[in-house]
Amino acid sequence: QVQLVESGGGLVQAGGSLRLSCAASGPTLSTAVMGWFRQAPGKEREFVASISRSGRTTVDTDSAKGRFTISRDNAKNTVYLQMNSLKPEDTAVYYCAAKELFGTWRYWGQGTQVTVSS
C-alpha cells in the first residue's frame, strides 16, 4: 500500500541546481525512513541520502560531496533532495525509497532522470 512518485528531474547545465520531490502515500510505519538512490546506465545503484520522520539524516559524502541536502515535510508526506553545483557525473536516474525504522529498503519509486551537461 506504499506508493512513491518522484518529480523534479530534467536537463541542467553544470553548476546549476535542481530540487527533486518524492510524494509518498501509505502507512506511516512503512515510510519511517525515506531516501534517495541513483543509478547511471551500466553502473551500480548507489545510496545518496536518507532521512527519518524525526529529521535524522544520513548523507553519503563520497557521492554528494556536501552539495546535496535532504529534507522532509511530514505534513505533506514528501521528501526532497536539493542538488546544487551539479556536475556531469551526477547524471543518473534518481530513485526515491522508503523503509521501516529497522529493516532493509522495501519500497521504491519509478525514478526521475537527471541529466547534467558540461
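This structure is a prediction, so every number in the text was calculated from the model and none was measured.

Reading the values: rules and limits
Residues numbered from 1 in each chain as written. Predicted model: local features only at pLDDT ≥ 70, side-chain atom pairs only at ≥ 80, totals over all residues. Heavy atoms only, no water. Buried < 20%, exposed > 50% of the residue type's maximum accessible area, 1.4 Å probe, protein only. Helix = DSSP H or I, 4+ residues; strand = E, 2+ residues; numbered from the N terminus. Pairing = 2+ DSSP bridges. Axes fitted to C-alpha atoms, helices over the stretch in contact; angles between N-to-C directions. Phe/Tyr/Trp six-rings, centres within 6.5 Å; stacked < 30°, edge-to-face > 60°. Lys NZ or Arg CZ within 6 Å of the ring centre and 35° of its normal.

J.: Help me understand the pairing of strand 5 (residues 46–52) in this model?
T.: Within a regular strand, side chains alternate between the sheet's two faces. Most of strand 5 sits out of view: five of its seven residues are buried. Across six bridges, the pairing between strand 4 (residues 33–39) and strand 5 is antiparallel. Following the sheet pairing, Trp36 is matched in strand 5 by Ala49. Pairing of strand 5 with strand 6 (residues 57–59), which is carried by three bridges, proceeds in the antiparallel orientation. Pairing of Ala49 across the sheet is with Val59, part of strand 6. Hairpin remark: strand 5 followed by strand 6, antiparallel, with four residues in the connecting loop; positive phi at Gly55, about 100°.

J.: What exactly am I supposed to notice about the sheet that holds strand 8 (residues 78–83) here?
T.: Adjacent strands of a sheet form backbone hydrogen bonds with each other and so pair up, either parallel or antiparallel. Pairing within the open sheet is antiparallel, and its four strands lie in the order 1-3-8-7. Of all strands in the sheet, those bounded by a partner on one side alone are strand 1 (3–7) and strand 7 (68–73). Going from strand to strand, the sheet's axes swing by 15° on average, the running direction of each strand aside. Relative to strand 3 (residues 18–25), strand 1 is paired through five bridges, and the arrangement is antiparallel. From the neighbouring strand, Glu6 faces strand 3, where its bridge partner is Cys22.

J.: Would you take a moment to explain the packing of aromatic side chains for this structure?
T.: Pairs of aromatic rings are described using the distance from one ring centre to the other and the angle between the two planes. Going through the model one piece at a time under the given rule, you end up with three aromatic pairs. Look at Phe37 and Trp105: their rings are 5.3 Å apart centre to centre, the planes differ by 85°, and that puts the pair in the edge-to-face class. With Phe37 in strand 4 and Trp105 in the loop between strand 9 (92–99) and strand 10 (107–108), this residue pair connects regions lying 68 residues apart in the sequence. Within the aromatic cluster, the residues linked to one another by ring pairs are Phe37, Phe47, Trp105 and Trp108. Positioned above the aromatic ring of Tyr80, the side-chain terminus of Arg19 is 4.3 Å from the ring centre. The positively charged end of Arg45 is found above the aromatic ring belonging to Tyr95, 4.1 Å away from the centroid.

J.: Looking at this model, I keep getting lost on the pairing of strand 11 (residues 112–117). Mind explaining?
T.: Here strand 11 shows one buried face, formed by Thr112, Val114 and Val116, and one open face, formed by Gln113, Thr115 and Ser117. Two elements, strand 2 (residues 10–13) and strand 11, share four bridges in a ladder whose sense is parallel. Along strand 11, the bridge assignment pairs Gly10 with Val114. Sheet analysis places strand 9 next to strand 11, joined by three bridges and oriented antiparallel. When the sheet's bridge partners are listed, Val93 is paired in strand 11 with Gln113.

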